[in-house]
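# A closer look at the structure
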Amino acid sequence: MALLYQVWKRLVSYVRRIEEQERSNVTGLELEGVFTLVKSNNTQNNYKELLSPEQLQQSLEEWTKTSDRWKFQTSDRQLDENIYDLLGNSAFKIEIVEAVMQRLVTSKNFRPVLLFQRLADFYHRWCEGVFIDAVPSENLPQKKMLQLQAQNLAIGLRQVDINTGLNVLILLLELHRYAQQQDDIKAQINFYPSGQRHKDNFFTSQLLRVINYSDAIEIGNFANVVGEFLKGNNFSGAYLGDANLTGVNFSGANLSGAYLGDANLTGVNFSGANLSAVNLGDANLSGANLSGANLRCADLSSTNLSGANLSCADIYRADLSHADLSSTNISGADLSHANLTSANLRDAKLSSSYLNHAILFGANLSDANLNGANLDYADLCRADLSGANFNHANLKSTNLSDTILFSTNLRNAILICADLSYAKLNGAKLNGANLKSAILLGADLGGVDLTNVILNEADLSGVVLNEADLSGADITDAILLATDLSYANLSSANLSGSNLSGAILSGADLSYTNLSYAILGGADLSDANLEKMTWNENLEWEDVRGLDKAVNIPEALKQHLQERGSGNRELT
């Protein structure tokens, strides 16, 4: 072992000496190499400038010219050579493509169907590796590479092949998008970059192979070169799992039934795209634009959508379980019947969105804005809604049992028949809300603002309402068995027909309150203010406690209770 260590030390010393000598000795030959490289780069830039829109237009039109017998003047072999010769040096820039398309569509020699057919045939053969795998004597990428290297242009074989293939792909994408706006040719030009689905192939993987091949020379190469040209094209059924598509433009594109699981889609533009039944599970869509997109029945489980724009998107019956939607704009979107179990919607914008019948079990909606949202029949059991804004929201028959509603804004919300049993409502704002027939069994409403709330026919049994503000509230025909209303403000509230058996009303303000037909059996009215309360002979007072300590008892009520001689011993 000692001998091996000595050998290793000598080798390390030797390598270091060689490196120091190389750094201190820059020979004339090396300097010449540096200048040659600079010259090479300048030559390459000059070459890029040589490819003008006029030249490209002329070539594209030449490739579709036919003889009298409808035979192409440019043979298939000549076409392949011309494509590599013209397109192999560098990738298209968007301004060049736009200029070429503008010139073509106004040209009398533009034959889009024939051009599409010839380029599509080349593209499919390129995808299969026909050109780069050819023998040296027929290898067009190699021939182009040697030609460029003879001009002192440093470029590799794969770079030439990738440049050519991606440029052809761009032309096909542009031809497809143009044709779909022309009724006379749109049926003849249908481009499928990833190939067409067949009975035996549920997904197509051709485009994924193109992406991975392009990124072999530089990560993100495909997205940088082709990304802006993907808009409005057809990718239905494409398999793009784990693909790197950062920042590409899929606006208006058809990706229905595609697989994009685990893909990097950061900042992608999906606005107006068809993503129905797409699989985006575990994908990264942070900062993506999905406004107006069709995501019906899509799989978005565990997807990162933080900071994304989903406004006005159709997300009906989509699976968003465990997804990260924090700070996402989902206003006006349709999320009805969607599965948002354990999703993170913290600080999300959901105003005027549709969440009826949605499943939000255990979801985090803290500080989210749901102003005017529709959550009819939604399941929000055990969700965190602290600090959320539900102003004017519709929560009819919604399951809010065991939810956290600390400081939640529920002003003027519709909570008819909602289940709020055991909900934590400390600091919540419910003034003006409609809680008719709602279930609040075991809920904590201590100190909550309930002014002008509607609670008629609601079940408030065992609810903590001490010091709550219920002034002017409609609590008719409600069930308040053993409810704690100590020191609550019930002035001008309507409690007619309510069952307050065993309720704690000590110190409560019942001035101007309507208690007609109410049941107060066993209730505690110690120190309660009964000034000018409304009552009738049907009011049940059996075993009421604390009347001797109540204040401002109407004289007519005192006389009535003394005459009945029941439940009123404390008044005598």
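Nothing here was measured: the structure is a model prediction, and the numbers come from that model.

Let us look at the overall build of the chain. When helices and strands are tallied, the chain shows 11 helices and zero strands. Starting at the N terminus and ending at the C terminus, the chain contains elements arranged as α-α-α-α-α-α-α-α-α-α-α. Scored against the burial criterion, the 572 residues of the chain give a buried share of 49%. If you sum the accessible surface of the chain, you get close to 25800 Å²; carbon and sulfur atoms cover 47% of it.

In this section: helix H5 (residues 94–105). The terminal C-alpha atoms of H5, which comprises 12 residues, lie 17 Å apart, in line with the 16 Å expected from a rise of 1.5 Å per residue. Lining the buried residues of H5 we find helix H3 (53–62) and helix H8 (157–179).

With that out of the way, let us pick up the packing of aromatic side chains. On inspection of all chains with the given rule, the structure shows 13 aromatic pairs. Considering the side-chain rings of Phe110 and Tyr178, the 5.8 Å spacing of their centres and the 50 degrees angle between planes classify their relative orientation as tilted. Here Phe110 is found in the loop between H5 and helix H6 (112–127), whereas its partner Tyr178 is found in helix H8, with 68 residues between them in sequence. Owing to a relative accessible area of 11%, Phe110 belongs among the buried residues under this scheme. Where Phe235 meets Phe250, the ring centres are 5.2 Å apart and the plane angle is 85 degrees; that geometry is what we call edge-to-face. Of this pair, Phe235 sits in the loop between helix H10 (221–226) and helix H11 (555–564) while Phe250 is found in the loop between H10 and H11, placing the two residues 15 residues apart along the sequence. Members of the aromatic cluster, connected to one another through ring pairs, are Phe116, Tyr123, Trp126, Phe191 and Tyr213. Over the face of the ring belonging to Phe72 we find Arg118, whose NZ or CZ atom lies 4.0 Å from the ring centre.

This brings us to the environment of Ser491. Here Ser491 is to be found in the loop between H10 and H11. Through-space distance from the C-alpha of Ser491 to that of Leu510 is 5.0 Å; in sequence the pair is 19 residues apart. Those residues within four positions of Ser491 in sequence are excluded, and the remaining contacts are Ser471, Gly472, Asp509, Ser511 and Thr513.

Soluble, globular proteins show a tendency: their nonpolar side chains are buried together. Membership of the largest hydrophobic core comes to 174 residues, with the highest contact counts inside it found for Ile315, Leu415, Leu425 and Leu440. Apart from the residues within four sequence positions on either side, Leu425 is in contact with Leu405, Leu410, Leu430, Leu440, Ala443, Asp444, Leu445 and Val448.

Right, let's get into the pattern of salt bridges. What the rule picks out here adds up to 14 salt bridges. With a closest N to O distance of 3.0 Å, Lys65 and Glu62 form a salt bridge. Look at Glu62 and you get partly exposed, because its relative accessible area is 30%. Between Lys186 and Asp183 there is a salt bridge, with its nearest N and O atoms 3.6 Å apart.

All right, on to helix H4 (residues 76–87) then. When the terminal C-alpha atoms of H4 are compared, their 16 Å separation across 12 residues agrees well with the 16 Å that a helix rising 1.5 Å per residue should span. Residues of H4 that are buried: Leu79, Asp80, Ile83, Tyr84, Leu86 and Leu87. Contacts made by the buried residues of H4 are with H3, H6, helix H7 (140–150) and H8.

Let us look at a nonpolar patch on the surface. A cluster of nonpolar side chains, contributed by Phe202, Phe203 and Tyr239, occupies part of the molecular surface with about 290 Å² of accessible area. Among the residues examined, Phe203 registers a relative accessible area of 30% and is labelled partly exposed.

Next up on the list: the packing of H6 against H8. For the pair H6 and H8, interaxial distance at closest approach is 10 Å and the crossing angle is 145 degrees. Of the two elements, H6 crosses H8, and the hand of that crossing is left-handed. Touching Pro112, Leu115, Phe116, Leu119, Ala120, Phe122, Tyr123 and Trp126 of H6 are Asp161, Ile162, Thr164, Gly165, Leu166, Val168, Leu169, Leu171, Leu172, Leu175 and Tyr178, all from H8. Residue composition of the contact of H6 with H8, grouped by class: 16 nonpolar, two polar and one charged.

Now for the confidence of the model for the chain. Per-residue confidence for the chain gives a mean pLDDT of 89, with 89% of residues at or over 70. Under a pLDDT of 50 for its full length, residues 1–5 has, in the predicted model, zero contacts with residues more than four places off or in other chains. A low-confidence stretch, residues 22–49 (pLDDT under 50), is modelled with 17 contacts involving residues beyond four sequence positions or located in other chains.

Our focus in this paragraph is the packing of H6 against helix H9 (residues 206–214). The interhelical angle for the contact between H6 and H9, taken along N-to-C directions, is 70 degrees, at an axis separation of 10 Å. Judged by the angle between their axes, H6 and H9 are roughly perpendicular. Crossing handedness for the pair H6 and H9: left-handed. Counting all contacts with H6, which are made through Tyr123, His124, Trp126 and Cys127, the residues of H9 involved are Gln206, Leu207, Val210 and Tyr213.

Parameters and conventions
Residues numbered from 1 in each chain as written. Predicted model: local features only at pLDDT ≥ 70, side-chain atom pairs only at ≥ 80, totals over all residues. Heavy atoms only, no water. Helix = DSSP H or I, 4+ residues; strand = E, 2+ residues; numbered from the N terminus. Buried < 20%, exposed > 50% of the residue type's maximum accessible area, 1.4 Å probe, protein only. Areas by Shrake-Rupley, 256 points an atom, 1.4 Å probe, with all protein chains shown as cover. Expected span 1.5 Å × (residues − 1). Contact = heavy atoms within 4.5 Å. Phe/Tyr/Trp six-rings, centres within 6.5 Å; stacked < 30°, edge-to-face > 60°. Lys NZ or Arg CZ within 6 Å of the ring centre and 35° of its normal. Core = buried A, V, L, I, M, F, W, Y, C linked by side-chain atoms within 4.5 Å. Salt bridge = Lys/Arg side-chain N within 4 Å of Asp/Glu carboxyl O. Patch = residues over 30% accessible without salt bridge, like charges linked within 9 Å, V, L, I, M, F, W, Y side chains within 5 Å. Axes fitted to C-alpha atoms, helices over the stretch in contact; angles between N-to-C directions. Left-handed = near helix turned anticlockwise from the far one by under 90°. Nonpolar A, V, L, I, M, F, W, Y, C, P; charged D, E, K, R; others polar. pLDDT = per-residue confidence, 0-100. Parallel < 35°, antiparallel > 145°, perpendicular 65-115°, else oblique.

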